[in-house]
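Below, each chain spelled out in residue letters.
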2 protein chains.
Amino acid sequence: MISWKNLDTMKSYQQLLEAGKVCLRDAMQGENGKNRVEKYAVPMAAGLCYHYAAKAVDDETLKALAALAEEAQLTEKYQALYEGEVINTGEKRLVLHQLTRGQLGKTVMADGVDKRAFYTREQQKAAEFAGKVHAGEIANAAGEKFTTVVQIGIGGSDLGPRAMYLALENWAKKNGCFRMEARFISNVDPDDAASVLNGIDLPHALFILVSKSGTTLETLTNESFVKNALKNAGLDPAKHMIAVTSETSPLAHSSDYLAAFFMDDYIGGRYSSTSCVGGAVLSLAFGADVFARFLNGAAEEDKLAAQSDPLKNPDMLDALIGVYERNVLGWPATAVLPYSQALSRFPAHLQQLDMESNGKSVNRFGEKVDYVTGPVIFGEPGTNGQHSFYQLLHQGTDIVPLQFVGFKQSQLGEDVDIQGSTSQEKLCANVAAQIMAFACGKDDDNPNKAFAGGRPSSIIIGSQLTPEALGALLAHFENKVMFQGFLWNVNSFDQEGVQLGKVLAKKVLAHQTDGALKAFSDLLGI
Amino acid sequence: MISWKNLDTMKSYQQLLEAGKVCLRDAMQGENGKNRVEKYAVPMAAGLCYHYAAKAVDDETLKALAALAEEAQLTEKYQALYEGEVINTGEKRLVLHQLTRGQLGKTVMADGVDKRAFYTREQQKAAEFAGKVHAGEIANAAGEKFTTVVQIGIGGSDLGPRAMYLALENWAKKNGCFRMEARFISNVDPDDAASVLNGIDLPHALFILVSKSGTTLETLTNESFVKNALKNAGLDPAKHMIAVTSETSPLAHSSDYLAAFFMDDYIGGRYSSTSCVGGAVLSLAFGADVFARFLNGAAEEDKLAAQSDPLKNPDMLDALIGVYERNVLGWPATAVLPYSQALSRFPAHLQQLDMESNGKSVNRFGEKVDYVTGPVIFGEPGTNGQHSFYQLLHQGTDIVPLQFVGFKQSQLGEDVDIQGSTSQEKLCANVAAQIMAFACGKDDDNPNKAFAGGRPSSIIIGSQLTPEALGALLAHFENKVMFQGFLWNVNSFDQEGVQLGKVLAKKVLAHQTDGALKAFSDLLGI
C-alpha cells in the first residue's frame with residue numbers, strides 16, 4: 001500500500017538531518033579519496049557510470065538516504081507509475097513516458113487500448129514514413145526528395161528534441177546515418193520563424209507541427225507563418241507538413257497534413273523526447289534505427305531505476321543526493337556541465353525537465369509544503385563554462401552542487417596533438433581537474449588566490465556519446481526528477497504555473513486590461 | 001577621497017535593512033500600480049527605458065538606496081575607474097573598457113600612450129581591414145573574396161562577440177549591411193572545431209584568433225586544429241588568419257597572421273565586446289559603420305551611468321535594487337529573460353559578465369566578506385522560457401528576481417496576423433502579462449492553481465533591437481555589474497577562481513597525479 005507523505009513527516013528524513021556531515025575537502029585527499037572514487041560508483045545503462053565520490057556523502061549518509069528511499073517507497077511509487085496508476089493527480093492522468101521505450105511491468109490499458117502497443121504503433125508509423133521520405137517515395141510536388149526537416153513546437157516539443165538532435169548530429173554524420181538536416185522554430189517572436197525560413201531550401205523542406213492539444217498559440221501562429229511562406233513560394237502547405245499530436249486534437253485527422261503521428265495525455269511535454277515528438281524528427285534526421293537505439297538506451301536505464309537498493313540505482317541515488325543537498329545542506333541551485341559540445345543544449349532541456357516538474361510549493365494533495373522543492377538548474381558545456389561562470393562556482397559565497405558529464409572519445413574522431421596531448425585528452429583532463437579543484441580547493445597566503453573547496457560534484461562517464469548513451473542519459477535525469485518529486489511529495493507532471501500568464505496575455509491582446517497591466521501594454525505598443 | 005568599505009560597515013546599509021518592506025502584490029494593484037509604472041522608469045541610451053515598477057521598492061526604499069549609493073561613493077568610484085585609477089587591484093591594472101567607446105573624463109595615459117587614442121587607432125585599423133576584405137582587396141590566394149569569418153576564442157573572446165553577432169545578424173540582413181557570415185570555435189572538445197570546419201567553405205574563410213595573452217591553451221589548440229585543416233586543403237594558414245591580442249603577446253608581430261589588432265591588459269575578457277575582440281568580427285560581419293553605431297549606444301549609456309542620482313541613472317539603480325534583493329531580501333539567483341530571439345545568447349554572456357565579475361568571497365583587500373555577493377545568473381528568451389522553467393519562477397518555493405527585455409518591433413518585420421494579432425503583438429502581450437502575473441499572482445480555491453505573486457521583475461523596453469540599442473543594453477549590464485562590485489567592495493575585474501583548475505589539468509596531462517585525481521583521470525582514459 002502506497003502512502004504519500006511529505007518529506008518532513010518521514011522519520012528517516014529526521015535521521016538524515018541528524019546524520020554526520022562530510023568534510024569533502026578532507027574526504028577526497030590521498031588514499032581515502034582514491035578509495036572513494038573506486039567505491040562510490042554505480043553502473044548505468046549503455047556503459048555509462050554515475051560517480052559520486054566527490055559528493056558530500058559517506059557510508060553513514062548513504063545509509064540514511066537508503067532508509068529515506070525505503071520509507072518514501074520510491075520503488076513502489078515508480079512501479080505504480082509505470083503500471084498505470086493515476087500519478088498525475090492534478091490532471092487525473094497516467095504518466096507513461098517510460099512506456100514509449102519499454103514495458104517494465106504489467107500491461108497498461110487505458111482508453112481501451114494497450115498503451116505500449118499504441119506507442120509502438122505510432123513509432124512504427126513514423127519509422128515507415130521516414131523511410132519513405134528517405135527513399136523519395138514521399139517527396140515534394142516536383143517529385144524531389146525532402147532534404148530538411150523543420151520542427152515547429154515550443155517547450156517540450158522543442159527543447160528535448162532539439163537537444164537530442166544536436167547531441168547526435170555529428171555522431172550521425174560520422175557514422176553514415178545523417179539523412180536530413182533538422183531545424184527548429186519555437187519562439188512566437190516572428191524573427192525566429194522568419195530567420196529559419198530565410199535559411200532553408202523551402203521547396204525541399206518538410207515541416208513537423210507538434211502540439212499535443214493542437215491549440216498551443218505560439219505553435220499555431222508559427223504554423224501560419226510557415227504556411228504563408230509556402231504559399232508565397234507557390235507550394236502547397238498540405239504537401240509539406242506532418243503533425244504530431246493527440247488523436248483527439250483538431251490536427252489529428254486533417255487533410256492539411258501528409259500524415260499524423262500520435263501521442264497522448266499521459267506523455268508530458270518535457271517527457272516527450274522518446275515519443276513521436278522526438279521520434280518523428282529524429283527518425284527523419286538520422287533514420288528510425290538510430291531512434292530505436294536511443295530508445296533502447298533509455299529503456300535499459302529505466303530498468304535500472306526499478307532497483308530498490310539506491311546503491312545499485314544511479315537515478316534514485318542521484319535524486320536522493322540532490323534532495324540531501326537541497327533540503328539538508330540548503331543549496332538552492334544545481335549546475336549541469338557536460339564536457340561535450342554535442343550536449344550544448346542538454347542543460348536547457350534539463351532546465352525545463354527539472355524546474356517545470358518540481359518547481360512547486362504544494363504537495364500532491366494541494367497542501368503547502370514547509371520545505372524547499374526543485375532548485376534552479378543551469379549549465380553550459382565545459383570547457384566553455386570554465387572560462388565563464390566557474391569563477392563564482394569556485395570562489396563565490398554560495399555553494400552550487402555540480403553534475404558533470406564526460407566521454408573518453410569524441411564523436412567525430414578528428415583531433416590534433418598540441419603540447420603533448422590531444423584536444424580530447426585536454427577536455428577530459430579539465431573535467432577531472434575541476435572535480436578535484438572544487439572538492440579539495442587550495443590554501444594560499446593570498447586569500448584572493450585561495451580556494452575553500454568543499455564544493456560537491458558528481459560525474460557521469462561514458463566511452464562516447466552514442467544514441468544508446470544519450471537515451472540512458474536522458475532517462476537518468478527524467479528518473480532522477482521523478483524520484484525527487486516522490487521525495488518532495490509534489491506532482492511532477494502538471495504545470496499549473498504556466499496558466500496565469502496565458503490568461504493575462506489573452507486579456508492584453510483583447511485590450512481588456514486596466515491599471516498597471518494596461519500601462520505596461522501601452523509601453524510595449526500593444 | 002575615495003574610501004573602500006564593506007557593504008555591511010555602511011550606515012546607510014543598516015538603514016536599508018530597517019526600511020519598510022514593500023508588498024508588491026498590493027502595490028501593483030489598481031490605480032496605484034498604474035502610477036508606479038508611470039513613475040518608476042528611467043530613460044536609458046538609444047531610446048531604451050528601464051522600468052522598475054514591478055520591483056519590490058517604494059519611495060522609502062529608493063531613498064535608502066540613494067543614501068547607500070552616496071555613502072558607497074558609486075559615482076566617485078566610477079569616475080576613478082574611467083579616469084585610469086588602478087581599480088583592478090589584485091592584478092594591479094587599470095579598467096578601461098568604457099574607453100573603447102568614448103572618453104568620459106580626463107585623458108588616460110598608460111604605458112606611455114593616450115589609451116583612448118590607442119583603442120580608437122586599433123578600431124580604425126580593424127575597420128580599414130574589414131573594408132578591404134569587403135572590397136576584395138584582401139582576398140584568398142586565388143584572389144577570391146572571403147565570405148565567412150570564424151572567431152577562435154573562449155570565454156570573453158567568444159560569449160560576448162557571439163551574443164552580439166546573433167543579436168544583429170537579422171537586423172543587418174534586413175538593413176542591407178550583412179557582409180559575411182560569422183561562426184565561432186571555442187570549446188577544446190575537438191568536435192566543436194571539426195563541426196564548424198565541416199560546415200564552412202574553407203577556401204573562403206577568414207579566421208580571427210583571439211587571445212589577449214597569446215597563451216590560452218584551448219584557443220591555441222583550436223588554432224592548430226584550424227591550421228591543420230587549412231594545410232590539408234592545400235591552403236596557406238598565414239593567408240587566412242588574423243590575430244586580436246595584446247601588443248606584447250607572441251601573436252602580435254608574427255608573419256603567421258595577415259594582420260593583428262590590439263587590446264591590452266586593461267580590458268577584461270568579459271568586457272571586451274567593444275574592443276577589437278568584438279570589433280574585428282563584427283566589422284567584418286556587418287561593416288565598421290554598424291560596429292561604430294553599437295559603440296555609440298554603449299558610450300551614451302556610459303555617460304548616463306555617471307549621473308550621481310540613481311533615479312536618473314538606470315545602471316546604478318539596477319545595481320542597487322539587485323543588491324537589495326540579494327542581501328536584504330536574500331534571493332540567491334537572477335533570471336535574464338529577453339523577449340527577443342535575437343538575444344538568444346545574451347543571457348549566456350551576462351552569465352559570464354556577472355558571475356565571473358562578482359562571484360567572489362573576499363573584498364578588494366583580500367579579506368573575507370560576511371555577506372553574499374554575486375548571484376547565479378541564468379536565462380533563455382521568452383516566450384520559450386514560459387514553456388520551460390517559468391513554472392518554478394511562478395510557483396516554486398524560492399523567489400527569483402527577473403530582468404525582462406522587450407522591443408516593440410521585430411528586426412525582420414515579417415509577421416502574420418492570427419486570431420486578431422501579430423506574432424510581435426503576442427510576444428509583447430506575453431511579457432506584459434508575465435510581469436503582472438509574477439507581481440500580483442492570483443488567488444484560487446485550488447491551491448495548485450493559486451499564484452502567490454510578490455515575484456519582482458524589471459523590464460527594459462525599446463523600439464527595436466538596433467546596433468545602438470544593443471550597445472546601450474550591453475553597457476547597462478556592464479555598468480550594473482561594476483556598481484554592484486563597488487557595493488560589495490569586491491574586485492570585479494580579476495578571476496583568480498579559474499586558476500586552480502588550469503594548474504590541475506596540466507598535472508593530469510603530465511601524468512603527475514595521485515589519489516582521487518589519478519583515479520578520475522584513469523576513468524576518463526587519460
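Residues numbered from 1 in each chain as written. Chains lettered and ligands numbered in written order. Predicted model: local features only at pLDDT ≥ 70, side-chain atom pairs only at ≥ 80, totals over all residues.

A. Inspection of helix H4 (residues 59-71) of chain A at higher detail. Residue and element names in this part refer to chain A. The end-to-end C-alpha separation of H4 is 18 Å, in line with the 18 Å expected for 13 residues at 1.5 Å each. When we look at burial in H4, the residues that qualify are Thr61, Leu62, Ala64, Leu65, Leu68 and Ala69. End-on, the buried residues of H4 take up no more than an arc of 160°, which puts them together on one face. Glutamine 73 sits one or two positions beyond H4 and adopts a positive phi of about 55°. (Helix = DSSP H or I, 4+ residues; strand = E, 2+ residues; numbered from the N terminus. Expected span 1.5 Å × (residues − 1). Buried ≥ 20, exposed ≤ 12 C-beta atoms within 10 Å, placed from the backbone. Arc of directions from axis to C-beta.)

B. Fine view of the domain arrangement of chain A. When the domains of chain A are assigned, the result is domain 1 (98-292) and domain 2 (495-526). For domain 1 of chain A versus domain 2 of chain A, the separation of C-alpha centres amounts to 31 Å. (Domains from an automatic or database assignment.)

C. Here's a closer look at the sheet that holds strand E8 (residues 241-246) of chain A. Residue and element names in this part refer to chain A. Strand order in the open sheet made by the five strands is E6-E5-E7-E8-E9, with parallel pairing throughout. The sheet terminates laterally at strand E6 (181-185) and strand E9 (260-263), the two strands that pair on one side only. Each adjacent strand pair in this sheet contributes to an overall mean axis angle of 20°, direction not counted. For strand E5 (residues 148-152) and E6, the ladder comprises five bridges, and the chain directions are parallel. Across the sheet, valine 150 pairs through a bridge with arginine 183, a residue of E6. (Pairing = 2+ DSSP bridges. Axes fitted to C-alpha atoms, helices over the stretch in contact; angles between N-to-C directions.)

D. The arrangement of the sheet that holds strand E1 (residues 41-43) of chain A in detail. All names here are of chain A. The strand order across the open sheet built from six strands is E1-E2-E15-E12-E10-E11, with neighbouring strands paired in mixed fashion. Two strands in the sheet have a free side with no partner beyond their single neighbour: E1 and strand E11 (376-378). If you compare each strand with its neighbour and ignore which way they point, the axes differ by 15° on average. Direction of pairing for E1 relative to strand E2 (residues 49-51): antiparallel, over a ladder of three bridges. Opposite alanine 41, over in E2, you have histidine 51 as the bridge partner. The sheet contacts of helix H12 (residues 314-328) involve E1, E2, strand E10 (333-339) and strand E15 (457-462), and relative to E2 the element is tilted by about 25°. (Contact = placed C-beta atoms within 7 Å.)

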